[in-house]
Amino acid sequence: MTVTFPGGFRAAGLAVGLKSSGANDLAIVINDGPEQSGAAVYTSNRAQANPIRWSRQALDASGGQVAAIVLNSGGANCFTGTYGYETTVLTAQGVADLLEVDPSAVQVCSTGLIGEGGPDFRGPILSALSDLVAQASVEGGVPASEAILTTDTHAKTATYSSESGWSIGGMAKGAGMLAPGLATMLVVLTTDAVLDSSECDDVLRQATSTSFDRLDSDGCMSTNDQVTLLASGASGVVPEPHEFASALQAVCLNLAMQLLSDAEGASHDIAIAVTGAGSVEDALEVGRSVARNNLFKAAIFGNDPNWGRVLAAIGTTGAQFDPDDVDVSMNGVRVCSKGGPDQSRDLVDLSPRAVDLRINLHVGESTATIWTNDLTHDYVHENSAYSS
């Protein structure tokens, strides 16, 4: 049931003609309360789509109240001018009228081709809102999760149930343009725990900072990224803060790993664990430098444990380290010790999909992990032959 797993939520997904395939392309998640607290993190890309512009100011205007979130695939509504922004506003107003709430309590998300948002985009959305709301139900979580997909091969969902009576649900989409910027895709998280909007904001930022924000698939940041948390309070249970934070982080990490495994054309999922760093910031910078190094990613695609490319990538950073005191291991084999050759790279087996890369800087005690994937022929083909 995904986002409708917690109490107090309904959802729906419909095909309204935005996708030429005829697949579901319009979704809604409704928070029936009794509370309607919410929080969101948005892309830090300075080029922002119209739904991001609307949702940011709406969340501020509502004081963190979110009664519903409506999402479409089949068009990003980005760089579509005043007409496109008006489409977003009319979408929020239409849902608000149907739910008898203020438009500021409605978040809007879009995903798809940048530049799409003309009359053929607006009309199908606005004309379908009444049916969308009418069909929203507890059983609607799956069709909603399918309606937000673009180049994804399948829906991504996760749930968590606590022993004290509250639960969390989530759905996500994203297969390309996965790079950190507070959020890295479209994600909707729901909970029936009793939380106010400030608590939602705090715990969401904690969770995204160590999950979605460390997913760096292709170094390309979208204009439409948003992660939203809605809290209904339907369980009547006030969660223990640390327990809830851990559970939400686990759900976010679960969804992030599903996104990684479905990244466009990927044949390897790579965990880059940096240890012995002087600070977490240094560890993250080193991890990202490797994750965005096309030579390294191409080597992994070719099952080549070329650790020299790892050290070369580290050398481009401002992190504190001595090139002659760095260790590198790949899938359990230490191929580099103190900046020089160690065990034979022939011992490294890169045939499994999972790749475990470990870098020890031998400077301090800080650690961080970045997740990425390899650079494949399929990735190049998909992003040259298909507009996304």
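The sections below set out a description of the structure shown in this document. All figures in this text were calculated on a predicted structure; none of them were measured in a lab. (Residues numbered from 1 in each chain as written. Predicted model: local features only at pLDDT ≥ 70, side-chain atom pairs only at ≥ 80, totals over all residues. Heavy atoms only, no water.)

**Things to note about the state of the cysteines**
Two cysteines whose sulfur atoms are joined by a covalent bond form what is called a disulfide.
Here is step 1: By the definition in use, this model includes 0 disulfides.
Here is step 2: Here cysteine 78 is not disulfide-linked; the sulfur of cysteine 109 is the nearest cysteine sulfur, at 13 Å. (Disulfide = S-S within 2.5 Å.)

**A look at the packing of helix 2 (residues 81-99) against helix 3 (residues 119-135)**
Here is step 1: Axis separation between helix 2 and helix 3 bottoms out at 10 Å; the angle between their running directions is 10°. Between helix 2 and helix 3, the angle falls in the class roughly parallel. Counted together, Tyr83, Glu86, Thr87, Leu90, Thr91, Gly94, Val95, Leu98 and Leu99 of helix 2 and Pro119, Phe121, Arg122, Ile125, Leu126, Leu129, Ser130 and Val133 of helix 3 form the full contact between these two elements.
Here is step 2: For the contact of helix 2 with helix 3, the per-class residue count stands at 11 nonpolar, 4 polar and 2 charged. (Axes fitted to C-alpha atoms, helices over the stretch in contact; angles between N-to-C directions. Helix = DSSP H or I, 4+ residues; strand = E, 2+ residues; numbered from the N terminus. Parallel < 35°, antiparallel > 145°, perpendicular 65-115°, else oblique. Contact = heavy atoms within 4.5 Å. Nonpolar A, V, L, I, M, F, W, Y, C, P; charged D, E, K, R; others polar.)

**Side note on the sheet that holds strand 8 (residues 186-191)**
Here is step 1: Taken together, 5 strands build an open sheet; the order of strands is 3-9-8-7-6 and the sheet is mixed. The strands lining the two open edges of the sheet, one partner per strand, are strand 3 (37-42) and strand 6 (156-161). Averaged over all pairs of adjacent strands, the angle between strand axes in this sheet comes to 10°, irrespective of strand direction.
Here is step 2: With 6 bridges connecting them, strand 6 and strand 7 (residues 167-173) associate as antiparallel partners. Bridging across to strand 7, lysine 156 finds its partner in alanine 172.
Here is step 3: Contacts between helix 1 (residues 50-62) and the sheet are confined to strand 3 and strand 9 (226-231), with strand 3 contributing the most and set at about 140° to the helix. (Pairing = 2+ DSSP bridges.)

**Here's the deal with the environment of isoleucine 314**
Here is step 1: Relative to the elements of secondary structure, isoleucine 314 occurs in helix 9 (residues 307-314).
Here is step 2: When near neighbours in sequence (up to four residues on either side) are disregarded, isoleucine 314 contacts Val286, Ser289, Val290, Phe321, Val326, Ile359 and Leu361.

**As for helix 5 (residues 197-209)**
Every α-helical turn comprises 3.6 residues, leaving residues that sit three or four positions apart pointing alike.
Here is step 1: Compared with an ideal rise of 1.5 Å per residue, which puts 13 residues at 18 Å, helix 5 spans 18 Å between its outermost C-alpha atoms and is within 8% of the ideal.
Here is step 2: Restricting attention to buried positions, one finds in helix 5 the residues Ser197, Cys200, Val203, Leu204, Ala207 and Thr208. The buried residues of helix 5 occupy one face: seen down the axis, they fall within an arc of 130°.
Here is step 3: Those residues of helix 5 that are buried lie in contact with strand 3, strand 8, strand 9 and helix 6 (241-261).
Here is step 4: For helix 5, the N-terminal capping position is held by aspartate 196, with its side-chain oxygen 3.1 Å away from the main-chain nitrogen of serine 198. (Expected span 1.5 Å × (residues − 1). Buried < 20%, exposed > 50% of the residue type's maximum accessible area, 1.4 Å probe, protein only. Arc of directions from axis to C-beta. Polar contact = N/O pair within 3.5 Å; in protein donor to acceptor, adjacent residues only side chain to side chain.)

**Focus: the packing of helix 5 against helix 6**
Here is step 1: Taken N-terminus to C-terminus, the directions of helix 5 and helix 6 make an angle of 45°; their axes are 9 Å apart at the nearest point. In terms of orientation, helix 5 and helix 6 fall into the oblique class. Viewed along their axes, helix 5 and helix 6 form a crossing whose handedness is right-handed. Two secondary-structure elements touch here, helix 5 through Val203, Leu204, Gln206 and Ala207 and helix 6 through Phe244, Ala245, Leu248, Gln249 and Cys252.
Here is step 2: For the contact of helix 5 with helix 6, the residue count by class is 7 nonpolar, 2 polar and no charged. (Left-handed = near helix turned anticlockwise from the far one by under 90°.)

**Some points on unusual backbone geometry**
Here is step 1: Look at the link from glycine 33 to proline 34: it is a cis peptide, with omega at 25°.
Here is step 2: With respect to the helices, strands and loops of the structure, proline 34 is situated in the loop between strand 2 (26-31) and strand 3.
Here is step 3: Even without a glycine there, the phi angle at glutamate 100 is positive, about 60°.
Here is step 4: Inspection of the secondary structure puts glutamate 100 in the loop between helix 2 and strand 5 (106-110).

**Things to note about the side chain of aspartate 25**
Here is step 1: Looking at the element boundaries, aspartate 25 is found in the loop between strand 1 (9-14) and strand 2.
Here is step 2: In this structure, aspartate 25 is buried with no salt-bridge partner, the nearest side chain bearing the opposite charge being lysine 19 at 6.5 Å.
Here is step 3: At 3.0 Å, the side chain of aspartate 25 and the backbone nitrogen of lysine 19 are in polar contact. (Lys, Arg positive; Asp, Glu negative; His and termini not counted. Salt bridge = Lys/Arg side-chain N within 4 Å of Asp/Glu carboxyl O.)

**With respect to the environment of serine 351**
Here is step 1: Checked against the element boundaries, serine 351 lands in the loop between strand 13 (340-341) and strand 14 (354-360).
Here is step 2: A C-alpha to C-alpha distance of 9.5 Å links serine 351 and glycine 302, two positions 49 residues apart in sequence.
Here is step 3: A polar contact of 2.5 Å, which involves the side chain of serine 351, links it to the side chain of aspartate 349.

**What about the packing of aromatic side chains?**
Here is step 1: Throughout the structure, instances matching the rule amount to 2 aromatic pairs.
Here is step 2: The interplanar angle of 55° and the centroid separation of 5.0 Å between the aromatic rings of tryptophan 166 and phenylalanine 244 together place this pair among those described as tilted. With tryptophan 166 in the loop between strand 6 and strand 7 and phenylalanine 244 in helix 6, this pair connects stretches of sequence that are 78 residues apart.
Here is step 3: Tryptophan 166 sits in the buried class, given a relative accessible area of 0%.
Here is step 4: The positively charged end of arginine 122 is found above the aromatic ring belonging to tyrosine 83, 3.8 Å away from the centroid. (Phe/Tyr/Trp six-rings, centres within 6.5 Å; stacked < 30°, edge-to-face > 60°. Lys NZ or Arg CZ within 6 Å of the ring centre and 35° of its normal.)

That is the geometry; function is a separate question.
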